[in-house]
Amino acid sequence: MSLLPSPSWKLPGALLLLSLVPVAAGAVRLLDVLKVSSGGLVTAENTRFMTMPGAVLAHIVAASLFCVLGAFQFDAAIRLRFPRLHRITGRVVALSGILTALTGLWMTAGMHIPAELQGELLYGARLLVGICMLLAISVSIRAVLRGRIAQHKAWMIRAYALGQGAGTQVLIMLPVALTAGTPTFFFRDILMTSAWGLNAVFAEWLIRRRWP
Ligand code: HEM
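These lines cover the structure that appears in this document, whether it is placed above or below. Please read all numbers here as calculations on a predicted model, not as lab measurements. (Residues numbered from 1 in each chain as written. Predicted model: local features only at pLDDT ≥ 70, side-chain atom pairs only at ≥ 80, totals over all residues. Heavy atoms only, no water.)

So, the pattern of salt bridges
Going by this rule: Only one rule defines a salt bridge in this text: a Lys or Arg side-chain nitrogen within 4 Å of an Asp or Glu carboxyl oxygen. Strands here mean DSSP runs of E at least two residues long; helices mean DSSP runs of H or I at least four residues long; both are numbered from the N terminus. For each residue, the accessible area found with a 1.4 Å probe, counting protein chains only, is set against the maximum for its type, and the residue is called buried under 20%, exposed over 50%, and partly exposed in between.
Applying the stated criterion across every chain yields a total of four salt bridges. Where E204 meets R158, a salt bridge forms, and the shortest distance between an N and an O atom there is 2.7 Å. With E204 in helix α8 (residues 185-208) and R158 in helix α6 (residues 149-163), this pair connects stretches of sequence that are 46 residues apart. Overall, the relative accessible area of 18% leaves R158 in the buried class. One salt bridge connects R208 with E204, and the closest N-O pair in it is separated by 2.9 Å. Within this pair, R208 and its partner E204 are both found in helix α8, separated by four residues, close to a single helical turn. Among the residues examined, R208 registers a relative accessible area of 61% and is labelled exposed.

Looking at the site of the ligand
For the record, the criterion: Any residue with a heavy atom lying within 4 Å of a molecule or strand is counted as near it. Here a polar contact means two N or O atoms within 3.5 Å. Within protein one must be a hydrogen donor candidate and the other an acceptor candidate, and residues neighboring in sequence count only if both atoms are side-chain atoms. For cavity detection a 1 Å grid was placed over the protein atoms alone, and a set of points counts as a cavity when a 1.4 Å probe fits there but cannot get out; an open set counts as a pocket when protein lies on both sides within 12 Å along at least five of seven lines, with lining residues being those that have an atom within 4 Å of a point. To qualify as sitting in a cavity or pocket, a molecule needs more than half of its atoms within 2 Å of the grid points. Classes in brief: Ala, Val, Leu, Ile, Met, Phe, Trp, Tyr, Cys and Pro nonpolar; Asp, Glu, Lys and Arg charged; the others, Gly included, polar.
As a matter of local geometry, the ligand sits amid 22 residues, with R29, R48, H59, R126 and G163 nearest to it. R29 is positioned such that a nitrogen or oxygen atom in its side chain is 2.5 Å from an oxygen atom of the ligand. Between the ligand and H59, the relevant distance is 2.9 Å, taken from a nitrogen atom to a side-chain nitrogen or oxygen of the residue. Counting atoms within 2 Å of the grid points, the majority share of the ligand lands in the largest pocket. When contributions to the shell around the ligand are tallied by element, the ones reaching two or more residues are α1 (10-37), α2 (53-70), α4 (83-110) and α5 (120-145). With five residues, the top contributor of residues to the shell around the ligand is α4. A breakdown of the residues in the shell around the ligand according to their chemical character gives twelve nonpolar, seven polar and three charged.

Here's what the structure looks like:
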């Protein structure tokens with residue numbers, strides 16, 4: 001009988017659930033960009049995405065890989081039972097995270113996003129989150145290469161928590177949208193930014209209780 005713990009769907013399942021709406025929204029946007037690129041209708045809603053379709057496509061594919069594959073990296077049982085798989089998937093997750101942050105920064109700085117969807121607060125938060133995500137992944141990679149596993153884990157928790165800001169944004173925005181109408185301008189900026197803040201605080205809490 002193996003003494004190793006059995007993998008459970010609880011943690012990966014919860015993280016996959018959190019990723020569901022951003023990944024589905026990404027698939028819809030990706031199909032729309034591909035459709036417009038092959039002669040489909042440019043609308044007021046999708047025109048800004050067509051100014052940098054390459055960045056949009058790379059962002060969506062990388063962010064989806066980061067959220068979905070990353071969901072399986074934190075389960076201790078999966079890690080212990082399948083260490084080779086953890087290492088292989090980890091490389092893909094780290095590269096996807098870097099690409100997500102780089103393309104996110106590129107779109108933040110280069111895309112004409114209307115003020116009701118991105119004011120100065122959200123602009124600044126996106127730049128800060130993108131840079132912090134890049135730093136967290138870099139420190140995490142450096143740590144694992146030097147055999148500092150606890151440090152590697154802590155920084156990957158931080159990077160993943162920032163990436164999963166998209167999932168928490170859905171959890172925060174959806175009830176507001178359903179009860180008070182779609183949030184816009186500064187109120188939207190505050191809601192979007194607070195999702196990253198919440199995730200960052202939650203990550204620090206998890207790291208301090210030496211999870212998982
Ligand atoms: C892994 C986490 C992330 C996921 C799942 C994700 C997902 C998405 C999706 C699906 C879109 C298309 C939105 C639409 O169709 O309206 C998008 C757009 C965008 N993302 Fe991300 N993203 C993530 C991380 C980031 C990060 C870290 C940044 C900033 C550095 C960022 C910046 C942006 C920007 C600026 C846009 C364009 C927004 C607009 O024009 O309204 N994203 N993202």
